[in-house]
Amino acid sequence: MQIDLSGKRAIITGSTAGIGFAIAQGLAKAGADVVITGRTQARVDGAISALKKDTPNAKVEGVAADLGT
């Protein structure tokens, strides 16, 4: 199945690793603009770098935020 999410924006919380990162990756591959969140800027930057390496045309931003506070 091919999903086209071009023109859509997705904000994925806890997306610097694991299932959250896999979801961000899938949405980026489907064409969505992706916003990654994580607890530290270093983790966010690492996830953005990995996502852009895997999907060079991905439109991705990141925000360091702890939603528990």
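Everything below is about the structure shown above.
Residues numbered from 1 in each chain as written. Predicted model: local features only at pLDDT ≥ 70, side-chain atom pairs only at ≥ 80, totals over all residues. Heavy atoms only, no water.

### Things to note about the sheet that holds strand β1 (residues 9-12)
Now for step 1: Pairing is parallel across the open sheet formed by 3 strands, whose spatial order is β1-β2-β3. The sheet terminates laterally at β1 and β3 (60-64), the two strands that pair on one side only. Within the sheet, the average angular offset between the axes of one strand and its neighbour, ignoring direction, is 20°.
Now for step 2: Sheet contacts for helix α1 (residues 18-29): β1 and β2 (33-38); angle to β1, the most-contacted strand, approximately 170°.
Now for step 3: Against the sheet, helix α2 (residues 41-54) contacts β2 and β3, and its axis sits at roughly 165° relative to β3. (Pairing = 2+ DSSP bridges. Helix = DSSP H or I, 4+ residues; strand = E, 2+ residues; numbered from the N terminus. Axes fitted to C-alpha atoms, helices over the stretch in contact; angles between N-to-C directions. Contact = heavy atoms within 4.5 Å.)

### Some points on the side chain of T16
Now for step 1: Summarising the element assignment, T16 is placed in the loop between β1 and α1.
Now for step 2: Judged by its relative accessible area of 19%, T16 falls in the buried class.
Now for step 3: When sequence neighbours within four positions are dropped, the list of residues in contact with T16 reads F21, I36, T37, G38, R43, V44 and A47. (Buried < 20%, exposed > 50% of the residue type's maximum accessible area, 1.4 Å probe, protein only.)

### Notes on the side chain of S15
Now for step 1: Its location among the elements puts S15 in the loop between β1 and α1.
Now for step 2: Given a relative accessible area of 0%, S15 falls into the buried group.
Now for step 3: S15 has contacts with G20, F21, A24, I36, T37 and A47, leaving out every residue within four places of it along the chain.

### Quick word on α2
Now for step 1: Between the first and last C-alpha of α2 there are 20 Å, a value that for 14 residues agrees with the 20 Å anticipated at 1.5 Å per step.
Now for step 2: Here α2 has its buried residues at V44, A47, I48 and L51. All buried residues of α2 fall inside an arc of 100° around its axis, so they share one side. Opposite the buried face of α2, at more than 90 degrees from it, the exposed residues are A42 and K53.
Now for step 3: Here the buried face of α2 lies against α1, β2 and β3. (Expected span 1.5 Å × (residues − 1). Arc of directions from axis to C-beta.)

### Quick word on the pairing of β1
Now for step 1: Burial of the side chains of β1 is restricted to one face: A10 and I12 are buried, whereas none of R9 and I11 on the reverse face is.
Now for step 2: As paired elements, β1 and β2 share 4 bridges and run parallel to each other. Considered in β2, the bridge of I12 is made with I36.
Now for step 3: You can see the chain leave β1, run along α1 and come back into β2, and the turn it takes is right-handed. (Right-handed = clockwise from strand over helix to strand, strands pointing away.)

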